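Fold and geometry: a report
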Amino acid sequence: MGFKCGIVGLPNVGKSTIFNAITNAGAEAANYPFCTIEPNVGMVNVPDYRLDELVKVYKPRSIVPTVTQFVDIAGLVKGASKGEGLGNQFLTHIRECEAIMEVVRCFDDENIVHVHGSVDPLRDVDIIETELILKDLDTVEKRCSTEAKNARVGATSSKARLEACESLKNSLSEGHSAREFKGSSDAMDELLQDLALLTAKPIFYCANVKEDDMITGNAYVEVLKKYAEGKGGRVVIISGKIEEELSKMEPDEKVEFLKELGLKESGLDSVVRQGYEILGLRTFFTAGEKECRAWTFHAGWKAPACAGVIHTDFERGFIRAETLSFAEFMKHGSWNAAKEAGVVRTEGKEYVVQDGDIMYYLFNV
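A few words on the overall build of the protein. The helix and strand inventory of the protein stands at 14 helices and twelve strands. Relative to a compact globule of 365 residues, whose C-alpha radius of gyration would be 21 Å, the protein shows 23 Å and is just as compact. A principal-axis box enclosing the C-alpha atoms of the protein has dimensions of 65 × 60 × 35 Å. Counting the 365 residues in the protein, one finds 48% classified as buried. Roughly 17800 Å² of accessible area belongs to the protein as shown, and the carbon and sulfur atoms make up 48% of that amount. Looking at charge distribution, the protein has the averaged site of its 43 positive side-chain charges lying 5 Å from that of its 57 negative ones.

Here we take up helix α6 (residues 186–195). Counting along an α-helix, one turn takes 3.6 residues, and residues three or four places apart therefore face a common direction. Here α6 has its buried residues at A187, M188, L191 and L195. The buried residues of α6 occupy an angular sector of 95° when projected down its axis, which confines them to one face. Among the exposed residues of α6, those oriented more than 90 degrees off its buried face are D186 and Q193. A196 sits one or two positions beyond α6 and adopts a positive phi of about 50°.

Bringing the pairing of strand β6 (residues 203–208) into the picture now. The element β6 is largely enclosed, with a buried count of six among its six residues. Residue alternation in β6 divides its side chains into two sets, I203, Y205 and A207 and F204, C206 and N208, and both sets are buried. In this sheet, β6 lies alongside strand β5 (residues 99–105) in parallel orientation, the contact comprising six bridges. Paired with V104 across the bridge in β6 is A207. In this sheet, strand β7 (residues 235–238) lies alongside β6 in parallel orientation, the contact comprising four bridges. Opposite C206, over in β7, you have V236 as the bridge partner.

What follows deals with the sheet that holds β5. Across the sheet, which stays open at both edges, the six strands sit in the order β2-β4-β1-β5-β6-β7 with mixed pairing between neighbours. Taken across any chain shown, the strands that pair with only one partner, and hence form the sheet edges, are β2 (40–45) and β7. In this sheet, neighbouring strand axes are inclined to one another by 25° on average, regardless of whether the strands run parallel or antiparallel. Inspection of the sheet shows β2 paired to strand β4 (residues 67–72) by six bridges, in the antiparallel sense. Following the sheet pairing, M43 is matched in β4 by Q69. Contacting β1 (4–8), β5 and β6, helix α4 (residues 121–152) runs over the sheet at an angle of about 145° to β5.

Here the focus is the nonpolar core. F70, M101, Y205 and L224 are the most contacted members of the largest nonpolar core, which totals 52 residues. When sequence neighbours within four positions are dropped, the list of residues in contact with M101 reads C5, G6, I7, V8, I18, F204, C206 and V271.

Definitions and limits used
- Within any chain, residue numbers begin from 1 and follow the written order of that chain's sequence.
- The model is predicted, so local features are restricted to residues of pLDDT at least 70 and side-chain atom pairs to those at 80 or more, both for listing and for counting; the totals for chains, interfaces and linings are taken over all residues.
- Hydrogen atoms and water are omitted, and side-chain values are computed over all heavy atoms in the structure.
- Only DSSP runs of H or I covering at least 4 residues are called helices, and only runs of E covering at least 2 are called strands; the numbering of each starts at the N terminus.
- In this setup the radius of gyration rests on C-alpha atoms only. A globule is expected at 2.2 Å times the number of residues raised to 0.38.
- In this scheme, a residue with accessible area under 20% of its type's maximum is buried, one over 50% is exposed, and one in between is partly exposed, where area comes from a 1.4 Å probe on protein chains only.
- Each accessible area value is a Shrake-Rupley result obtained with a 1.4 Å probe; residue values ignore everything except the protein chains displayed when judging cover.
- His is not counted here, nor are the chain ends, while Lys and Arg score as positive and Asp and Glu score as negative.
- The location of each charge is read from NZ of Lys, CZ of Arg, CG of Asp or CD of Glu.
- Here the arc refers to the directions that run from the helix axis out to each C-beta atom.
- Strands qualify as paired when DSSP identifies two bridges or more between them.
- A fitted line through C-alpha atoms serves as each axis, taken over the contacting stretch for helices, and the angle formed by two N-to-C directions is quoted from 0 to 180°.
- Any two residues whose heavy atoms approach within 4.5 Å at even a single point are treated as in contact.
- Here, nonpolar core refers to any group of buried Ala, Val, Leu, Ile, Met, Phe, Trp, Tyr and Cys residues whose side-chain atoms link them within 4.5 Å.

Below is the structure:
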């Protein structure tokens, strides 16, 4: 599994169009607010040229890429945190996601209605993020009440959590996201983990542009980029229309189409790459004639933890791992040739797995 990404934005900014294109899931898309009523969920194979190369060598009976789950959440409006529009239920869906992609309209089109009557990326971002902050503030205030009651009866740990709650509440009240909060203590770490606040989740912005602006961007995109940089965030430029066309093509056709447009990768590739980067995710591989498979892990994980991604028995009974970098595999052309060249390594429990490693585990349970 890659990661679960929630797609948010105002109504009519192209969320469902982009979701349909990158997941090919067929969610309804229309030119009016609240077209998406229930969150649509789509699973997407993560594109990875390294897996493709392993498949060419091994010609396996089974090919298993890692996947990313996208959740298209109904367009949010002012007051969503208080139940306006379609309200709180959709903010709850965001809570279940690991990362948030905020789609921002960065194109003019008089035929597509904007819920606020004009295109203004910073206003749109402010509306969405204010609603997320207000929802988090409501969550924290409720926890403050609970911890205050516990503190009054003498619970020492509750006093520490109450202080953390009050500090976090003040920061949110000033319009800061939980990501920007600077406080640090065991009580705060525990609180943030327990509350799973919306604004604590990693976020990146998706500038939806017309086809002609995919390479050069436009003034709207530049404004959004400047804002994102100030928040330590990132912007992916995507064209819903181009992604729609790509979703109907065969792989070879996609490559040629992207080349004609002067693009190095599709919007889906860009979105997945950004998601992996902000979440600190990496990929290792297992390969053979039976199966070639990609596995997702967190940067910094050691060999036993990565073995556990495959099966808990692998981690529990870990003995050692044989590993080869993808670059060395390609250099020598096969595992056996790399082994003869002495570049296949035997690693123990302390080995930190690297992105692109090809792994063979020895275990005993």
